[in-house]
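Commentary on secondary and tertiary structure
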Amino acid sequence: MPEQSTVNKAEAASITVPSPFGPLSISEFGRHIVALDWHEAETNNSSPLLEEAKAQMADYFSGKLKNFDLPLAPRGNQFQQDVCREMLKIPYGETCTYGDIAKTLNTYGQPVGNACGGNTIPIIIPCHRVLASSGLGGYSGEGGVERKIALLKHEGGYPYLL
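I will try to describe carefully the structure that is included in this document. (Residues numbered from 1 in each chain as written. Predicted model: local features only at pLDDT ≥ 70, side-chain atom pairs only at ≥ 80, totals over all residues. Heavy atoms only, no water.)

Okay, the nonpolar core next. With 39 residues, the main nonpolar core has Ile 33, Met 57, Met 87 and Ile 123 as its most contacted residues. Secondary-structure elements contributing two or more residues to this core are strand 1 (13-17), strand 2 (24-29), strand 3 (32-37), helix 1 (48-62), helix 2 (78-88), helix 3 (98-105) and helix 4 (109-117). Take this core: its biggest share by element is 6 residues, from helix 1. For Met 57, the residues in contact, after removing those within four places along its chain, are Val 17, Leu 24, Ile 26, Leu 36, Phe 68, Ile 123 and Ile 124. In terms of nonpolar packing, the next biggest core, distinct from the first, is built from 5 residues, Phe 29, Val 34, Ala 35 and Ala 73 among them. (Core = buried A, V, L, I, M, F, W, Y, C linked by side-chain atoms within 4.5 Å. Buried < 20%, exposed > 50% of the residue type's maximum accessible area, 1.4 Å probe, protein only. Helix = DSSP H or I, 4+ residues; strand = E, 2+ residues; numbered from the N terminus. Contact = heavy atoms within 4.5 Å.)

Here it is as C-alpha cells:
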C-alpha cells in the first residue's frame, strides 16, 4: 500500500455501485481505491479503475469473484495499514480473530479491533472476516453486525457463526 496523503475530494473520483445491501460508493485517488462507503456517491465521475472496481464488485456479489485485484490505499497510520495488510490475507469464506492478527503484529486484540473499525475500504479489505475470540465482535459498516453476518453468509463463512 502506498504512502498515505490527504485526499482532496475535488481531485478524487467516485461512482455508485449497486449491491444487495443498497448503493455503495467507491472512491479513487491517485490511481488507488481509497474508500468504500455505504451510500450513493456524491458525484459520479468514473475512471477506468472505478469501472474495474464496479465490475469486480458485481462479480463478488454474484459469487464469481473470490479475490479482489485492485490497487488499494486505505487511509490510516502505519498500524492501521499493517492491520489492513493482515486482513487482506484472510481467504474468502474463512475467518480469523482480532487476537490472531494481534499475535502476528505483536500487539493486543483491542487495537486491532479499533483498526478494523477504521477500515476505509470494507468488503474489499475484508474486515467482516475478523471475529472476536468470544463471538462475532463488531462491525462498523452500515447495518452493523447483521451486515457482517450477511457478508459471511454470502462467502459461505456462516459455519463459523454456529
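Text resumes after the structure shown.
Turning next to the packing of helix 2 against helix 3. The interhelical angle for the contact between helix 2 and helix 3, taken along N-to-C directions, is 120 degrees, at an axis separation of 10 Å. As summarised for this structure, helix 2 and helix 3 are arranged oblique, according to the angle between their axes. Crossing geometry of helix 2 relative to helix 3 is assigned as right-handed. Residues Phe 79, Asp 82, Val 83, Glu 86 and Met 87 of helix 2 form the contact with helix 3, whose own contacting residues are Ile 101, Thr 104 and Leu 105. (Axes fitted to C-alpha atoms, helices over the stretch in contact; angles between N-to-C directions. Parallel < 35°, antiparallel > 145°, perpendicular 65-115°, else oblique. Left-handed = near helix turned anticlockwise from the far one by under 90°.)

The next point concerns helix 4. Buried residues of helix 4: Val 112, Ala 115 and Cys 116, and no others. All buried residues of helix 4 fall inside an arc of 100 degrees around its axis, so they share one side. For helix 4, the exposed residues lying more than 90 degrees away from the buried face are Gln 110 and Asn 114. Contact partners of the buried residues in helix 4: helix 2, helix 3 and strand 5 (130-131). (Arc of directions from axis to C-beta.)

Let us now look at the side chain of Asn 119. By the element assignment, Asn 119 lies in the loop between helix 4 and strand 5. Residue classification places Asn 119 among the buried positions, given a relative accessible area of 8%. Engagement of the side chain of Asn 119 in a polar contact is seen with the backbone oxygen of Ile 125, the distance being 2.8 Å. (Polar contact = N/O pair within 3.5 Å; in protein donor to acceptor, adjacent residues only side chain to side chain.)

With that out of the way, let us pick up unusual backbone geometry. Backbone geometry places Asn 106, a non-glycine residue, at a positive phi of 55 degrees. Examined against the element boundaries, Asn 106 turns out to sit in the loop between helix 3 and helix 4.

Our focus in this paragraph is the pattern of salt bridges. Where charged atoms from two side chains of opposite charge come close, those side chains can pair. Scanning all chains against the criterion turns up 3 salt bridges. For Asp 82, the salt bridge identified is with Arg 85, shortest N-O distance 2.9 Å. Here the residue Asp 82 and the residue Arg 85 both occupy positions in helix 2, the gap between them amounting to 3 residues, near one helical turn. Take Arg 85: its relative accessible area is 31%, and that puts it in the partly exposed class. Where Arg 129 meets Glu 155, a salt bridge forms, and the shortest distance between an N and an O atom there is 2.8 Å. Taken as a pair, Arg 129 in the loop between helix 4 and strand 5 and Glu 155 in the segment after helix 5 (144-154) lie far apart in primary sequence, 26 residues in all. Looking at Arg 129, the relative accessible area reads 5%, which means it is buried. (Salt bridge = Lys/Arg side-chain N within 4 Å of Asp/Glu carboxyl O.)

This part is about the environment of Asn 119. With 35 residues separating them along the chain, Asn 119 and Cys 84 place their C-alpha atoms 7.3 Å apart. When neighbours within four sequence positions are excluded, Asn 119 is seen to be in contact with Cys 84, Met 87, Ile 125 and Cys 127.

A word on the pairing of strand 3. In terms of strand pairing, strand 2 meets strand 3 through 5 bridges, oriented antiparallel. If you follow Phe 29 over to strand 3, its bridge partner there is His 32. Counting the residues that bridge the hairpin from strand 2 to strand 3 gives 2 residues, and of these Gly 30 lies at a positive phi of roughly 60 degrees. (Pairing = 2+ DSSP bridges.)

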